[in-house]
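Architecture at a glance
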Amino acid sequence: MTTLIPILADQLTIGLASLRDVDPADAVILMSEVRAEATYVRHYKKKIAFLFSAMRHHAEALRAAGWTVDYVRFDDPANTHTLTGEVTRAAARHRATRVRATEAGEWRVLAMQDAWGQATGLPTAILADDRFLVSRAEFAAWAASRKSLTMEYFYRELRQRTGVLMDAPSAPTGGKWNFDHDNRKTPPHGLNYPLPPRFEPDAITQDVLELVAREFAEHFGYLDPFWFAVTREGALEALADFIQIALPRFGDYQDAMITGQEFLCHAVISPYLNSGLLTPREVIAAAQDAYHAGDAPLNATEGFVRQILGWREYVRGIYFHAGPDYHQRNALDATRPLPAFYWTGETDMRCMAESVGQTAREAYAHHIQRLMVLGNFAMLAGCNPAEVSDWYLVVFIDAYEWVEDPNVIGMSQYADGGLMGSKPYAGGGNYINTMSDYCGRCAYNVKQRTGPKACPFNALYWDFLARNAPKLRANFRLRNMYTTWDRMSDIAQAETRAQAATTLAALVPADPGWAR
Ligand code: FAD
Ligand code: DLZ
Ligand code: SF4
């Protein structure tokens, strides 16, 4: 009996479900670099290089652990360049008697897995991906028991279930579930922030970088600098470095945005978590251990744990709960094409130019840049949510559909009509000014709503509310904002909307071919 075990690029975990309870002597692991996956959206060059190099290193690690690995390289002449094509070919090549896989992270690839039994003519088992702490079935049961799917309650239940940062079954450590009151400080000038550790590309990564430069020259972004870890050892080093150096200040400056400081005190571990080089359980344990050892304060530790145990599990749950058409939801009927500056960074808006510029350089921006700058502008401008989500899927090294759609369609664009969030994350220039140093360097004046130098976010914010009043006015959490709008004089309202119209008319649409 030979078991064929296909492993996907985001399943680079030695303890993967499909590898358990199988004798390596009777199994062949299949890993394949295929064009269809690298191009269904035109992924950022660094992301393809990261995944191919991490896959090649992981194949070596599996071999060292006693597994037989059949690794199909991108330039193998026989490569069919689809996952199903490679599974079918490998099943015949190895005279496999069964196929055993761990469920893919997205609907598109799950549909492929469902067809592998028929394609190979073999019994095929697709196992739940238990690297996540909450299974799809458990999330469905939780969602069915609630009227509104508030992350905070999901997170509290998980804290209780796992015992993470709990003193007793109903007693959160420190007496509170959430320490955000102590977090999110306005950043003082001149702080020195640590940089995440940088890993020199080895021979395997160099080969991959050359391959990507050759094969994906037209894709977004740059290959240089390439400093990501591509092995489990490297990912563990990055985690240890974060826990020791940045975690103690994680909460304080979580929402800060500072020119030239791309990483601040963020962990920069999402590429490793999402590809499987790190598991959420070990990351949470490392943070909790640091707290118990007295190396990190509770506000930072709880804030960080909430990101992984709360947000990460929650968005994955929402993705599957919402169904395969989630990507197409468009509750606010937003149809504007994405502006070209999302790809070029060429705009006088300093916040946008900095956030797009660092994304183009590093394939990384932190949460508040993604939400309150990049996403906020797209929503205020009424951009098509699916196109916005595609942009995110392309440009970030940690992007996969399961994490992108809830964060973009749900959290950032409010295109799911409130399934995920109780109100749109909309903000004017004032929020960006409080949390960043961008406005001081901008061609626009953040204090002005109208006039040639007025910050575009300000008029767009009010225009967004006015334009969407039939859908949003009844929202209790927006009541104060609508009251303020209603109190503006007719002239002030008309000037604001005219200002927004001028900004919107000047937006140059991006060539849609950038993403798909
Ligand atoms: P930290 O700020 O240090 O947080 C630690 C970890 O928490 C992250 O590594 C991540 O695993 C997890 N996390 C925190 N927030 C979220 C969240 N909302 N959803 C899922 N995980 C979360 N995260 C991705 O992993 N991939 C994406 O493609 C992605 N797209 C996003 C798009 C938008 C519009 C927004 C608002 C957020 C998005 N996020 C995404 C969530 C978050 O911005 C990133 O996880 C984070 O910036 C990664 O950097 P970090 O490791 O330094 O995170
Ligand atoms: C994102 C990606 C890329 C760029 N390339 C591959 C690949 O060559 N082989 C592979 O197995 N997976 C790849 N992936 C990941 C998939 O597109 C998809 O996101 C995951 O398989 C979902 O679980
Ligand atoms: Fe962005 Fe407005 Fe500030 Fe300029 S003034 S950086 S456009 S928020």
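Provided above is the structure to which this section pertains.
The paragraphs below set out a description of the structure included in this document. Residue numbering note: each chain is counted from 1, following its sequence as written. To label them, take the chains in the order written and letter them from A, then take the ligands in the order written and number them from 1. Restriction of local features to residues with pLDDT of at least 70 applies here, the model being predicted, together with a cutoff of 80 or more for giving and counting side-chain atom pairs; totals for whole chains, interfaces and linings are based on all residues. Side-chain numbers come from the whole structure's heavy atoms, not from hydrogens or water.

When the centres of two rings from Phe, Tyr and Trp lie within 6.5 Å, Trp using its six-membered ring, the rings pair. Their planes under 30 degrees apart give stacked, over 60 give edge-to-face, and anything left gives tilted. Using the criterion set out here, one finds 36 aromatic pairs in the structure. Ring geometry for phenylalanine 132 versus tryptophan 402: centroids 5.2 Å apart, planes at 85 degrees, classification edge-to-face. Within this pair, whereas phenylalanine 132 is found in the loop between strand S5 (124-127) and helix H6 (136-144), its partner tryptophan 402 is found in helix H17 (residues 401-412), the two being separated by 270 residues in sequence. For the pair phenylalanine 220 and tryptophan 514, a centre-to-centre distance of 6.3 Å together with 85 degrees between the ring planes defines the contact as edge-to-face. Taken as a pair, phenylalanine 220 in the loop between helix H8 (203-215) and helix H9 (232-246) and tryptophan 514 in the segment after helix H22 (490-505) lie far apart in primary sequence, 294 residues in all. Buried residues are those whose accessible area, probed at 1.4 Å on protein chains only, stays under 20% of the maximum for their type, while exposed residues exceed 50% and partly exposed ones sit between those limits. Residue classification places tryptophan 514 among the partly exposed residues on the basis of a relative accessible area of 31%. Linked through ring pairs, Tyr44, Phe220, Phe341, Tyr342, Trp343, Phe377, Trp391, Tyr392, Phe396, Phe457 and Trp514 together constitute an aromatic cluster. In this text, helices come from DSSP runs of H or I with a minimum length of four residues, and strands from runs of E with a minimum of two, each type numbered from the N-terminal end.

One side-chain nitrogen of Lys or Arg within 4 Å of one carboxyl oxygen of Asp or Glu is enough to make a salt bridge. The final tally for this structure, using the stated rule, is 29 salt bridges. Residue aspartate 130 pairs with arginine 20 through a salt bridge whose shortest N-O separation is 2.3 Å. Pair noted here: aspartate 130 is in the loop between S5 and H6 and arginine 20 is in the loop between strand S1 (3-6) and strand S2 (27-32), with a separation of 110 residues, a long-range link.

Next up on the list: the sheet that holds S5. Being paired, for any two strands, means DSSP has found at least two bridges between them. Here five strands make up an open sheet; going across it, the order is S3-S2-S1-S4-S5 and the pairing parallel. A strand with exactly one partner marks an edge of an open sheet, and here the two such strands are strand S3 (68-72) and S5. With direction set aside, neighbouring strand axes in the sheet form an average angle of 25 degrees. On the sheet, helix H3 (residues 83-93) packs against S1, S2 and S3 and is oriented at approximately 150 degrees with respect to S2. Axes here mean lines fitted to C-alpha atoms, for a helix over just the part in contact, with angles spanning 0 to 180 degrees between N-to-C directions. The contact definition used throughout considers only heavy atoms, calling two residues in contact when any of these lie within 4.5 Å.

Once that is clear, we can look at empty space enclosed by the protein. Each cavity reported here is a set of points on a 1 Å grid over the protein atoms alone in which a 1.4 Å probe fits but cannot get out, each pocket an open set with protein on both sides within 12 Å along at least five of seven lines, and each lining residue one with an atom within 4 Å of a point. Grid points are joined across faces, edges and corners, and a volume is the space filled by probe spheres set on the points. All told, the structure shown has six cavities of 30 Å³ or more when counted by the stated rule. Within this model, the largest cavity holds a volume of roughly 340 Å³. As for the largest cavity, its lining consists of 22 residues, and the residues nearest its centre are Ala9, Glu37, Tyr40, Leu51 and Tyr400. Going through the elements one at a time, helix H1 (35-39), helix H2 (45-64) and helix H4 (107-114) are the ones with two or more residues in the lining of the largest cavity. Considering every element that reaches the lining of the largest cavity, the biggest residue donor is H2, with five residues. All amino acids are sorted into three groups, where Ala, Val, Leu, Ile, Met, Phe, Trp, Tyr, Cys and Pro are nonpolar, Asp, Glu, Lys and Arg are charged, and the leftover types, Gly among them, are polar. Among the residues forming the lining of the largest cavity, the class breakdown is 13 nonpolar, three polar and six charged.

Our focus in this paragraph is unusual backbone geometry. Note that the residue after aspartate 224, namely proline 225, is joined by a cis bond; omega there is 0 degrees. Along the chain, proline 225 turns up in the loop between H8 and H9. The backbone of histidine 81 shows a phi angle near 70 degrees, a positive value even though the residue is not glycine. Position of histidine 81 among the secondary structure elements: in the loop between S3 and H3. Phi at arginine 95 takes a positive value of approximately 45 degrees, unusual for a residue other than glycine. Within the fold, arginine 95 resides in the loop between H3 and strand S4 (98-102).

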